[in-house]
Amino acid sequence: MAYPTISTQAPPIEPKSNGFGPSTQSVHGGRSANPYNAVTEPIIQTATYTFADTAAVCAYKDAYLMGDAGGVIEYGRYGNPTVSAAEARLAALESADDALLYASGMAAITSVVLSMLPTGSHIVLTDDCYRRTREFALTFLKRLGIGCTIVPMGDYQALEDAICPETRLLISESPTNPYLRVLDMERFVEVARRRKVRTMVDATFATPVNIQPLAWGVDLVVHSASKYLAGHNDLLAGVVAGEAGLIASLRGPLGVLGGIIDPNNANLVLRGVKTLALRVEQQNQSGMKVAQFLEAHPKIEQVWYPGLSSHPDHRVAIQQMKGFGGVVSFTVRGGLEATSRFIDNLQLSQIATSLGGTESLVIQPALMTYYEFSPEERAGMGIRDNLVRLALGIEDAQDLITDLAQALAMAP
Ligand SMILES: Cc1ncc(COP(=O)(O)O)c(C=O)c1O
């Protein structure tokens, strides 16, 4: 059987050090030739791969045992060309050597941590982080004999004090959910390097357009690619990017833990990411305009947006970030019910958890995320009853503001 030969029409574009901007990287980063000269990457929807004969099986096994299978893949859990193409694009966007895609953001976080940490080790996690990351650390890791200390975001002395001889990894998030705290990457990395521990940052809310943690010396960057990277509220995916050896050490465990992404979803990530820089630029601008509008509105109590000078991390945000993102958190004057009524009056923003897609989504965290807790418990966790998290899509900023204004006008 004759297979098409690999064309050299479209040589691979080096993902690193090529000086391209984020929009060019979104479209071309990591691109390599495909056998069909197709402009877009082919979707290879297969569970497994065939060998011509037994000799080919043995040649592959010998090569694999020597550490280089020469691009031959045995089974879908160990690799897929469409997934590899998406990984190369995401690595280029992060200026990373390599990247690994997973079935979801949580699959990425749990697989990376499980792959890196032995029993008896310890991690330090900053607070105000994604609720399921904290839950994973405090329940699953604890059960496996891996300790976790949670320290206040922004307290670098507490971060350092929490490091013990067993500590292997510092994990942080930036900006955080829901108060959009911004990590000072320089201080975070300085502490970690001095104390000889690795670092991982969940930069889902920032995207590589607004900050590249690896460029600040962070070891691993993770994203829920379900959010801005894929960008259309239509799939779940996760990604980790970093230095070649570190990512290679995570590839084998992914084949065991099994949280792989489906090739069709990998293709949707590839497609979605092409407009990442355009979308994020629009969301950065809308975020700023909406935050300024809300801060000036008499029915709004407080606004959290790193682009506002009132935000506790504004200084570090303007020093380290290119834009402040499309999520704005705020409290509405009045209590739980008045806030729910404001949300119910919104016409454009849909009530749904998640963020980073083309459609604006809004939640009242007290009800959507912390429903099972009492008001006192929620207050203890810093979740105010009248808190709103608005994740802007790509609608026109003026339309979003007009909609917020009418919903606030109807609020008591
Ligand atoms: C900051 C952050 N990290 C990780 C996750 C988990 O991602 P996924 O829903 O893709 O598993 C989320 C999800 O909301 C998130 O907001």
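The rules behind these values
The residue numbering used here restarts from 1 in each chain and proceeds along that chain's sequence as written. In view of the model being predicted, local features appear only for residues whose pLDDT reaches at least 70, and side-chain atom pairs are presented and counted only at 80 or more, with totals across whole chains, interfaces and linings using the full set of residues. Only strands that DSSP links by at least two bridges are regarded as paired with each other. Secondary structure elements follow DSSP: runs of H or I no shorter than four residues count as helices, runs of E no shorter than two count as strands, and numbering proceeds from the N terminus. C-beta atoms are first placed from the backbone for all residues, and any pair lying within 7 Å is then listed as a contact. All axes here are fitted lines through C-alpha atoms, helices being fitted over the stretch that makes contact, and every angle between N-to-C directions spans 0 to 180 degrees. As used in this record, a residue near a molecule or strand is one whose C-beta atom, placed from the backbone, is within 6 Å of it. Each residue is assigned to one class: nonpolar for Ala, Val, Leu, Ile, Met, Phe, Trp, Tyr, Cys and Pro, charged for Asp, Glu, Lys and Arg, and polar for all the others, Gly among them. Defined on buried residues, the nonpolar core groups Ala, Val, Leu, Ile, Met, Phe, Trp, Tyr and Cys residues joined through C-beta atoms within 7 Å. Residue burial is a threshold on neighbouring C-beta atoms within 10 Å of the residue's own C-beta, all placed from the backbone, with 20 or more meaning buried, 12 or fewer meaning exposed, and counts in between meaning partly exposed. Segmentation into domains, and thus their bounds, comes from an automatic or database assignment. Relative orientations are named as follows: roughly parallel for angles under 35 degrees, roughly antiparallel for angles over 145 degrees, roughly perpendicular for angles from 65 to 115 degrees, and oblique for any other angle. A crossing counts as left-handed when the near helix is turned anticlockwise from the far one by less than a right angle, and as right-handed when that turn is clockwise.

(A) Spotlight on the sheet that holds strand β12 (residues 387-391). A sheet is described by the order of its strands in space; here five strands give the open sequence β8-β9-β12-β11-β10, paired in mixed fashion. The open sheet terminates on both sides in strands that have one partner only, identified here as β8 (300-304) and β10 (350-351). Two strands pair when backbone bridges link them, and β8 and strand β9 (residues 327-332) are joined in this way by four bridges, in the antiparallel orientation. By the bridge assignment for β9, Val-303 is matched with Phe-330. Running over the sheet, helix α11 (residues 276-295) touches β8 and β9 and is turned about 10 degrees from β9.

(B) Broad picture of the site of the ligand. Lining the immediate environment of the ligand, one finds Ser-104, Gly-105, Met-106, Tyr-130, Glu-173, Asn-177, Asp-202, Thr-204, Ser-224, Ser-226, Leu-236 and Gly-238. In the shell around the ligand, the residues fall into three nonpolar, seven polar and two charged.

(C) Here's a closer look at the nonpolar core. Ranked by internal contacts, the top residues of the largest apolar core, which has 104 residues, are Tyr-102, Ala-237, Val-239, Val-240 and Val-269. The residue makeup of this core includes at least three contributed by each of domain 1 (22-44 + 80-273) and domain 2 (276-410). Ignoring any residue separated from it by four or fewer positions in sequence, one finds Val-239 in contact with Leu-90, Ala-99, Leu-100, Leu-101, Tyr-102, Ala-108, Val-222, His-223, Ala-225 and Leu-229.

(D) Fine view of the packing of helix α4 (residues 105-116) against helix α9 (residues 244-257). Across the interface, α4 lies against α9 with an axial gap of 10 Å and an inter-helix angle of 115 degrees. In terms of axis orientation, α4 runs roughly perpendicular to α9. You can see that α4 and α9 cross each other, and the crossing is right-handed. Across the interface between the two elements, Ser-111, Val-112, Leu-114 and Ser-115 of α4 pack against Leu-250, Pro-253, Leu-254 and Leu-257 of α9. Class assignment of the residues belonging to the contact of α4 with α9 gives a composition of six nonpolar, two polar and no charged.

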